[in-house]
Amino acid sequence: MCGIVGYLGHREAYPIIVKGLKRLEYRGYDSAGIALYDGNDIKLSKTKGKVADLEVRVESEISTNGSLGIGHTRWATHGVPNDVNSHPHYSNSGELVIIHNGIIENYEALKKELTKRGYTFKSDTDTEVLINLIEDVKNKENVKLGKAVQIALNQVIGAYAIAVFDKNKPDEIVVARLGSPLAIGIGEDEFFIASDASPFIEFTNNAIYLEDEEMAIVRRHKGVKIRKIHDDSLVAPYVQELQLNLEEIEKGGYEHFMLKEIYEQPRAIMDTFRGRLLTDEAIIKMAGVEDNMKKFLNANRIIVVACGTSWHAGLVAEYIFEDLARIPVEVEYASEFRYRNPVITENDVLIAISQSGETADTLAAIKMAKSKGAFVFGVCNVVGSSIARETDAGAYTHAGPEIGVASTKAFTTQITVLTLMALRLARAKGTISSSDYRKYLFELESIPSKVEKALSSDNHVKMIANIYKNASNCLYLGRGFNFPVALEGALKLKEISYIHAEGYPAAEMKHGPIALIDEQMPVVVIATKKGHYEKVVSNIQEIKSRKGKIIGIVTEGDTSVKELADHVIEVPETIEALTPLLTTIPLQLLSYHIAVMLEKNVDQPRNLAKSVTVE
Ligand code: G6P
C-alpha cells in the first residue's frame, strides 16, 4: 500500500529515488511523484500511472538536480488515482512537502477545522490534510518542523509512514511511523528513507527500522535522532546489518518476477528446510517451536489467521495439523476474525501467516489475540517485519524477496514451514509413529527435486494455456489437502488474467457450480493418486457428461484420468499430505502463461498491491 523513498546526502537524489520507487512498485502503482530540493526551492512533479510515466513527466517538467528529495508510488485509498491526488503534497505555503503511506481516519474532522482557519485543499486526500495540519501547528506554536510533526501526529487517528521536509531547512527530513513500515538506510554521510530496504541495498547494509509510534529527525552530517511520538522520550537507534542482496531483487534474466519466483521454488523450499530438516538424525529443529513446546502441546486448538494466498496456506495447514498432530485447527480470515468478538482463551495458540509481515488485518488480529492472552506464533517471509516483531515467537519462511504481486514461492514455503511444524508437534505428541515420521522426513527432502520436475511441464502447460486463454470463466476443483490448492489456483488466474475463476471442493460441485458447466467451461481438476482419487474420478465423469473441458492435474503415470480428461498435467508422486507442494506448480504456470498471452501486466495486476497495510 504505497511505497515511499527519500534521500538526503551528497549524491543526486533523483536517480536514487526513481530506482527505489520502481523497486517498491509492488506496494502500489496507480500514481507516482517526486519532490526535490534544488538548492533554492522545491521542484515537484507527479502523475497518474507508473514510475515510468513519472520519469517522462519529470523530463518535461522539472530539473532533477538536488541532493534532498522524497518520492512516492501510490495505491489509492482516499481520492481516485489522478495527478492531483498523487503524492507528494505541498502545504498551503508551499514550504513543506510530504509523502505518506497509510490512512488518516479522522481527516474529515481535521479538514473541517483547517478549512475554518483558512486552509484550502487541492486534492481529495487525507495526506494533504496532514501536511497542512503540520504547517498550522508549526506556525501557531512557533516550533521547528520535528516538533510540529510530533504535535500534529498526536492529533491524528490512523496509520502512517511519512516523510516530510521544509524548504527552509534543507538539511533534514522528518519521518514517522505507525502501522506502516519505514526503514532508514545509514550510509557514509548520507541517509535513505524507504518502505523497505530494497531502494538502498546497493548503497548500504546498515538500516534502522522504526517501530510503531516512533519518529526520527534525519539530519545531514548529524545523523538520526529517534523519539516516541506520544511521550517524547528519546530512543537509542538500533542499526541492523541487512542480509539482502541486489540479485535477489532483480529479474535475473526472466521476463517477469512472477516467473522467476515460480522457478525459484526448489531453492526456496530448500532454504526453508535449512537447519531445520535434519533427515540423517531424524529430527526437525525449529527454535520457535522447541522453546514454546508446552504452549503448543497444551493448546485447546490452533487458530490460523491470514489473508489472501497466506489464508490458503493456512487451510492446507488445517488439514496437515489435524491429520498428523491431532490438534483442532480453525482457519480465519484476519479481517473477519478481528471484528467478530471471537472466543479466545489463554489456551489458544494463534498462528499468523503473512508473506509481507505487514498486512494490517493480520496485525490487528494478532494484537487482539495477544490482549486476550493467546500465544501468538508468526510465519512470515520478510525478516524484521511488523508481524514478525509483534508475535511471541515464529518461523521465517526464508523464501527471499517476493516481488511479483501474485504470491507463488511464499505460498509453497509457508506450507513447508507449517508441515515441518505439524510433524515436529506430531512427534512430540506421539501421534505419528517413528517409521512414518522418518518416511515424511525422507519424502520432504525429495520435494525440491520433485518441484523441479513439476516445473518441467512448463511448455505443455503453455500449450494448454494457449487453448483456454480466451475463456471467460474457469472452475478449479480439488479435495482434501488439494481443496485449498484449487482455491489458490483460481485466485492466481483471477489476479493476473482477470478471468473469473472459482475454486471448489470437488464434491460440492453438484450443489451449485455444476449448473455452470457447458462446452465453454474449462475445469481444472486436481486428481492425484490417493486422496479420494476414485471419488474425484467420478466428479470428472460428471463434468464430462456435461461437456465441460477437463484439465487434470495427475500423478505421473496416471491412466484413468487421462482417458477422461481433455488434457493432463503430471506431477511426481509423493505422500498425500505433501501433494499441495507439487500440484500448485502447474496452476501457477497456467495462470502465468494465460496472463502473458492476454498481454496483462503479470507482476503488477490492476487494483492490487502486494503489501496491504490498510484494512
Ligand atoms: C495481498 C497480496 C496477496 C497476499 C495477501 C496477504 O492481497 O496481493 O498476494 O496473499 O495480500 O498478504 P501477506 O503479506 O499477509 O501474506
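The structure presented is a predicted model; accordingly, all values stated were derived computationally and were not measured.

Asks: Give a detailed account of the site of the ligand, specifying residues and quantitative values.
Replies: The environment of the ligand is formed by 13 residues, the closest being Ser310, Ser354, Gln355, Ser356 and Thr359. Take Thr309: an N or O atom from its main chain is 2.9 Å from an oxygen atom of the ligand. Between Ser354 and the ligand, the recorded distance is 2.6 Å, taken from a side-chain N or O atom to an oxygen atom. With the chains in place, 90% of the 390 Å² that the ligand exposes on its own is no longer accessible. No other element matches the 3 residues that helix 10 (residues 308-325) contributes to the shell around the ligand. Here the residues of the shell around the ligand are counted per class, giving 4 nonpolar, 8 polar and 1 charged.

Asks: Describe the packing of helix 17 (residues 483-497) against helix 20 (residues 580-597), listing the residues and the values that go with them.
Replies: Two elements in contact, helix 17 and helix 20, have axes whose closest approach is 9 Å; the angle formed by their N-to-C orientations is 20°. Taken together, the axis directions place helix 17 and helix 20 in an arrangement best described as roughly parallel. The handedness of the crossing between helix 17 and helix 20 comes out as right-handed. Contacts from Val485, Gly489, Lys492, Leu493, Ile496 and Ser497 in helix 17 reach Pro580, Thr583, Thr584, Leu587, Ser591, Tyr592, Ile594 and Ala595 in helix 20. Looking at the contact of helix 17 with helix 20 residue by residue, the classes come out as 8 nonpolar, 5 polar and 1 charged.

Asks: Just give me the short version of the domain arrangement of the protein chain, but keep the residues and values in it.
Replies: How big an interface is tends to be stated in terms of accessible area lost as the parts join. For the protein chain, the assigned domains read domain 1 (3-247), domain 2 (251-451) and domain 3 (456-607). One C-alpha centre belongs to domain 1, the other to domain 2; they are set 34 Å apart. The interface is formed by 10 residues belonging to domain 1 together with 8 residues belonging to domain 2. A buried area of about 740 Å², summed over both sides, lies between domain 1 and domain 2, and 45% of it is on carbon and sulfur atoms. At the junction of domain 1 and domain 2, the tally comes to 2 salt bridges.

Asks: Run through the sheet that holds strand 21 (residues 375-380), naming residues and quoting values.
Replies: The pairing of strands in a sheet comes from backbone hydrogen bonds and takes either a parallel or an antiparallel form. Taken in spatial order, the 5 strands make up an open sheet running 19-18-20-21-22, and their pairing is parallel. The outermost strands of the open sheet, each flanked by one partner alone, are strand 19 (329-333) and strand 22 (393-396). Between one strand and the next, the sheet's axes are offset by a mean angle of 20°, whatever the strand orientation. By the bridge criterion, 4 bridges tie strand 21 to strand 22 in an arrangement that is parallel.

Asks: Which residues make up the nonpolar core, and what values go with them?
Replies: With 91 residues, the main nonpolar core has Phe321, Ile351, Phe377, Leu418, Met421, Leu423 and Tyr476 as its most contacted residues. No other element matches helix 14 (residues 409-429), which puts 10 residues into this core. Shared between two domains, this core takes at least three residues from each, and those domains are domain 2 (251-451) and domain 3 (456-607). Dropping the residues within four chain positions of it, Leu418 is found in contact with Ala313, Ala317, Phe321, Ile351, Ile353 and Val379.

Asks: Can you tell me about the pattern of salt bridges, naming the residues and giving the values?
Replies: Overall, the coordinates contain 34 salt bridges when judged by the stated rule. With a shortest N-O distance of 2.7 Å, Arg23 and Glu202 are connected by a salt bridge. Here Arg23, found in helix 1 (residues 13-23), pairs with Glu202, found in the loop between strand 10 (191-194) and strand 11 (206-209); they are 179 residues apart in sequence, far enough to count as distant. Owing to a relative accessible area of 12%, Arg23 belongs among the buried residues under this scheme. One salt bridge connects Lys453 with Glu556, and the closest N-O pair in it is separated by 2.6 Å. With Lys453 in helix 15 (residues 434-455) and Glu556 in the loop between strand 26 (549-555) and helix 19 (560-564), this residue pair connects regions lying 103 residues apart in the sequence. Residues joined in a network through salt bridges with shared partners are Lys19, Arg23 and Glu202.

Asks: Please set out the side chain of Lys46 residue by residue, giving values where relevant.
Replies: One can find Lys46 in strand 3 (residues 42-48). For the buried Lys46, no salt bridge exists, and the shortest N-O distance to an oppositely charged side chain is 7.2 Å, to Glu128. Here Ser86 takes part through its backbone oxygen, which lies 2.7 Å from a polar atom of the side chain of Lys46. A distance of 2.8 Å separates a polar side-chain atom of Lys46 from the backbone oxygen of Pro88. Once you skip the residues sitting within four places of it in the chain, Lys46 turns out to touch Ala32, Gly33, Leu54, Arg57, Glu61, Asp83, Val84, Ser86, His87, Pro88 and His89.

Asks: Requested: an account of the pairing of strand 2 (residues 31-37), with residues and values cited.
Replies: Where burial is concerned, most of strand 2 is hidden: 7 out of the 7 residues are buried. Because side chains alternate across strand 2, one face comprises the buried residues Ser31, Gly33, Ala35 and Tyr37, and the other comprises Ala32, Ile34 and Leu36, equally buried. As judged from the 7 bridges shared by strand 2 and strand 3, these two strands associate in the antiparallel manner. Looking across to strand 3, one finds that Ala32 is bridged to Thr47. If you look at the hairpin formed by strand 2 and strand 3, you'll find 4 residues sitting between the two strands, and Gly39 has a positive phi there, around 105°.

Asks: So, the side chain of Thr555: which residues are in play, and what are the values?
Replies: For Thr555, the location among the structural elements is in strand 26. Accessibility expressed as a relative area gives 4% for Thr555, which makes it buried. Side-chain polar atoms of Thr555 contact the backbone nitrogen of Lys529, separated by 2.7 Å. The residues touching Thr555, leaving out its near neighbours within four places in the chain, are Ala527, Thr528, Lys529, Val571 and Glu573.

Asks: Break down the packing of helix 14 against helix 20 for me, citing the residues and quoting the values.
Replies: Direction vectors running N to C along helix 14 and helix 20 enclose 175°, while the axes themselves pass 10 Å from each other. It follows from the interaxial angle that helix 14 and helix 20 lie roughly antiparallel. Only Pro580, Leu581 and Thr584 of helix 20 make contact with helix 14, whose side of the interface consists of Phe411, Thr412, Ile415 and Thr416. A breakdown of the residues in the contact of helix 14 with helix 20 according to their chemical character gives 4 nonpolar, 3 polar and no charged.

Asks: Describe the sheet that holds strand 11, with residues and values.
Replies: Strand order in the open sheet formed by 8 strands is 3-2-4-1-10-9-11-15, with antiparallel pairing between adjacent strands. Strand pairing shows two members of the sheet lacking a second neighbour, strand 3 and strand 15 (240-241), which therefore form its edges. Sheet analysis places strand 1 (residues 3-8) next to strand 4 (residues 68-74), joined by 6 bridges and oriented antiparallel. For Gly3, the partnering residue across the bridge sits in strand 4 and is Thr73. In the packing of helix 2 (residues 51-61) onto the sheet, contacts are made with strand 2, strand 3 and strand 4, and the angle to strand 3 comes to roughly 135°.

Asks: Give a detailed account of unusual backbone geometry, specifying residues and quantitative values.
Replies: In this structure, Pro88 follows His87 across a cis peptide bond, with omega equal to 0°. Mapped onto the secondary structure, Pro88 falls in the loop between strand 4 and strand 5 (89-90). In the Ramachandran plot, Asn142 falls in the positive-phi region, its phi being about 55° despite a non-glycine side chain. With respect to the helices and strands, the residue Asn142 is situated in the loop between helix 4 (126-141) and helix 5 (145-153). For Asn142, a relative accessible area of 68% puts it in the exposed group. Although it is not a glycine, Ala282 sits at a positive phi angle of roughly 55°. Positionally, Ala282 belongs in the loop between strand 16 (277-278) and strand 17 (283-284).

Basis of the calculations
- Residues numbered from 1 in each chain as written.
- Predicted model: local features only at pLDDT ≥ 70, side-chain atom pairs only at ≥ 80, totals over all residues.
- Heavy atoms only, no water.
- Near = heavy atom within 4 Å.
- Polar contact = N/O pair within 3.5 Å; in protein donor to acceptor, adjacent residues only side chain to side chain.
- Areas by Shrake-Rupley, 256 points an atom, 1.4 Å probe, with all protein chains shown as cover.
- Helix = DSSP H or I, 4+ residues; strand = E, 2+ residues; numbered from the N terminus.
- Nonpolar A, V, L, I, M, F, W, Y, C, P; charged D, E, K, R; others polar.
- Axes fitted to C-alpha atoms, helices over the stretch in contact; angles between N-to-C directions.
- Parallel < 35°, antiparallel > 145°, perpendicular 65-115°, else oblique.
- Left-handed = near helix turned anticlockwise from the far one by under 90°.
- Contact = heavy atoms within 4.5 Å.
- Domains from an automatic or database assignment.
- Buried area = accessible area lost by both parts, 1.4 Å probe.
- Salt bridge = Lys/Arg side-chain N within 4 Å of Asp/Glu carboxyl O.
- Pairing = 2+ DSSP bridges.
- Core = buried A, V, L, I, M, F, W, Y, C linked by side-chain atoms within 4.5 Å.
- Buried < 20%, exposed > 50% of the residue type's maximum accessible area, 1.4 Å probe, protein only.
- Lys, Arg positive; Asp, Glu negative; His and termini not counted.

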